Amino acid sequence: MTINSSLIFRSLALITLLAGIGLSCTTKDSSESTSEQTTAMAPAPTFNADSAYTFVEKQVAFGPRVPNTTAHTQTGDYLVETLKEYGFTVTEQPFVATTYDGKKLNARNIIGSYNPQAGKRIMLAAHWDSRPFADEDSTRKTQPVPGANDGASGVGVLLEIARVIHAASNKPDIGLDLMFFDAEDWGNSEVASDEFGGFCLGSRYWAENRHIPNYTAYFGVLLDMVGAKGATFPKEGYSTRNANEVVRTVWNTASKLGYSNYFLDQQGPAITDDHVPVNQIAKFPMIDIIHTRVNDLSRTFFDHWHTTGDTMENIDRNTLKAVGQTLLQVLYNEAQPVM
Ligand code: AHN
Ligand code: ZN
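Worth saying up front: this structure is predicted, and the values here are computed from it rather than measured.

Enquirer: I'd like a description of the coordination of the zinc ion (ligand 2), backed by residues and values.
Expert: Only Asp 150 (OD), Asp 185 (OD), Asp 185 (OD) and His 306 (NE2) from the protein coordinate the zinc ion (ligand 2), and they sit 1.9 to 2.5 Å from it. Written as a sequence motif, the donor arrangement for the zinc ion (ligand 2) is D-x34-D-x120-H. Taken as a pair, Asp 150 in helix H6 (residues 148-167) and His 306 in the loop between strand E8 (286-290) and helix H10 (317-335) lie far apart in primary sequence, 156 residues in all.

Written as structure tokens, this is what we have:
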């Protein structure tokens, strides 16, 4: 996290001054020395929500990205091609995953790297596969999930970040890895016996077999279900437990940009997701920006989660914008520390 030392110095000086002349230090004044008040805002390019929306639409148009289908292969090829078009160095990591129900999946993690030689790196991640069965649907439980929000939304935000950096005149002087995990969503918490409930096959494979030996990042951010209208992102439990400084940085940045209606300053549930193997096995801090419901204990996720209704109709450009602009700002802040 960047530290604006001059602001800290001035805040400390102000507090000292106020204390010296006998004024009471209010909570507002004392909070100036905490990091939410001192996050420096570097100039960052504009995240285009229409373009991000189009990237989501494009994936959904291939059909459900269920491993071992043509739509899955075509979408993977499209991700590789698009990242190359934006000048990113692409690594494909093919693997065979075994599902909880004994199926063998031909899967691949895809990594797009910007500034591949840079030492300080940030990883932004999302899963690109979609769920083979809509088991939360009231009727069509064996149909695949279209995955507009659950899968394509996070990938769309990452592709737009690649496009923006490619087009920008001010390039961030930092390494960036866009990680597209495969085979996240072939799980069943009730049936699978492993600790991940059969989920997160791609991220578990990658954490055990990194595309660059001993790869590490300064920190990572996972996106999951970041496209629904009125999405709420309370602070996910494993994120605050394992990477709370990153949570604070991201939520503070969102707040400064006016997105506190999405990035809620409250604790949410802990969700088993692709950031868990990264924290546990690859051992660098990764948080999860994930839409979980607030004020409704009966269901954890968004309305159409794991149903055939997870379609483009429910994708809202404003939500993509809040997430994408926040991430671009976080990236540029890290690239240009203010002394
Ligand atoms: C659990 O339901 C335990 N994890 C959800 C991970 C997930 C599925 N993210 C998207 N789809
Ligand atoms: Zn899912």
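Now that the structure has been shown, we can carry on.
Enquirer: Lay out the nonpolar core with the relevant residues and their values.
Expert: Grouped together as the largest cluster of nonpolar side chains are 63 residues, with contacts concentrated most on Phe 180, Val 221, Phe 263 and Ile 289. Discounting chain neighbours no more than four positions away, the residues touching Ile 289 are Val 221, Leu 222, Leu 223, Asp 224, Val 226, Phe 233, Val 250, Trp 251, Phe 263 and Leu 327. Within the second largest apolar cluster, 14 residues are counted, among which are Met 123, Ala 125, Ala 207 and Met 286.

Enquirer: Can you lay out the sheet that holds E8 for me, pointing to particular residues and giving the numbers?
Expert: Strand order in the open sheet formed by six strands is E1-E2-E4-E3-E5-E8, with mixed pairing between adjacent strands. Strands at the two margins of the open sheet, each flanked by one partner only, are strand E1 (89-98) and E8. In this sheet, adjacent strand axes meet at a mean angle of 20° when their direction is disregarded. In this sheet, strand E4 (residues 175-181) lies alongside strand E3 (residues 121-127) in parallel orientation, the contact comprising seven bridges. The residue bridging Met 123 from the neighbouring strand is Asp 177, located in E4. H6 rests against strand E2 (104-114), E3, E4 and strand E5 (219-224) of the sheet, and its axis sits at about 145° to E3. On top of the sheet, helix H8 (residues 237-256) reaches E5 and E8; it is set at about 70° to E8, its chief contact.

Enquirer: Any details on the site of ligand 1? Residues and values, ideally.
Expert: Around ligand 1, 13 residues are found, and the nearest of them are Asp 150, Glu 184, Asp 185, Asp 224 and Thr 272. Between ligand 1 and Glu 184, the relevant distance is 3.3 Å, taken from a nitrogen atom to a side-chain nitrogen or oxygen of the residue. Within the side chain of Asp 185, an N or O atom sits 3.1 Å from a nitrogen atom of ligand 1. Bound to the protein, ligand 1 loses 89% of the 320 Å² it would expose on its own. By residue class, the composition of the shell around ligand 1 is five nonpolar, four polar and four charged.

Enquirer: Would you mind going over the packing of helix H4 (residues 49-61) against H6 in detail, with residue names and values included?
Expert: Running from N to C, H4 and H6 point in directions that differ by 130°, and their axes come no closer than 8 Å. The angle between H4 and H6 places the two elements in the oblique class. The way H4 lies across H6 gives a crossing that is right-handed. Counting all contacts with H4, which are made through Ser 51, Ala 52, Phe 55, Val 56, Gln 59 and Val 60, the residues of H6 involved are Ala 148, Ala 152, Ser 153, Val 155, Gly 156, Leu 159, Glu 160 and Arg 163.

Reading guide: rules and limits
- Residues numbered from 1 in each chain as written.
- Chains lettered and ligands numbered in written order.
- Predicted model: local features only at pLDDT ≥ 70, side-chain atom pairs only at ≥ 80, totals over all residues.
- Heavy atoms only, no water.
- Donors = N, O, S within 2.8 Å, 3.2 Å for Na, K, Ca; no water.
- Helix = DSSP H or I, 4+ residues; strand = E, 2+ residues; numbered from the N terminus.
- Core = buried A, V, L, I, M, F, W, Y, C linked by side-chain atoms within 4.5 Å.
- Buried < 20%, exposed > 50% of the residue type's maximum accessible area, 1.4 Å probe, protein only.
- Contact = heavy atoms within 4.5 Å.
- Pairing = 2+ DSSP bridges.
- Axes fitted to C-alpha atoms, helices over the stretch in contact; angles between N-to-C directions.
- Near = heavy atom within 4 Å.
- Polar contact = N/O pair within 3.5 Å; in protein donor to acceptor, adjacent residues only side chain to side chain.
- Areas by Shrake-Rupley, 256 points an atom, 1.4 Å probe, with all protein chains shown as cover.
- Nonpolar A, V, L, I, M, F, W, Y, C, P; charged D, E, K, R; others polar.
- Parallel < 35°, antiparallel > 145°, perpendicular 65-115°, else oblique.
- Left-handed = near helix turned anticlockwise from the far one by under 90°.

Read these as spatial facts, not as claims about activity.
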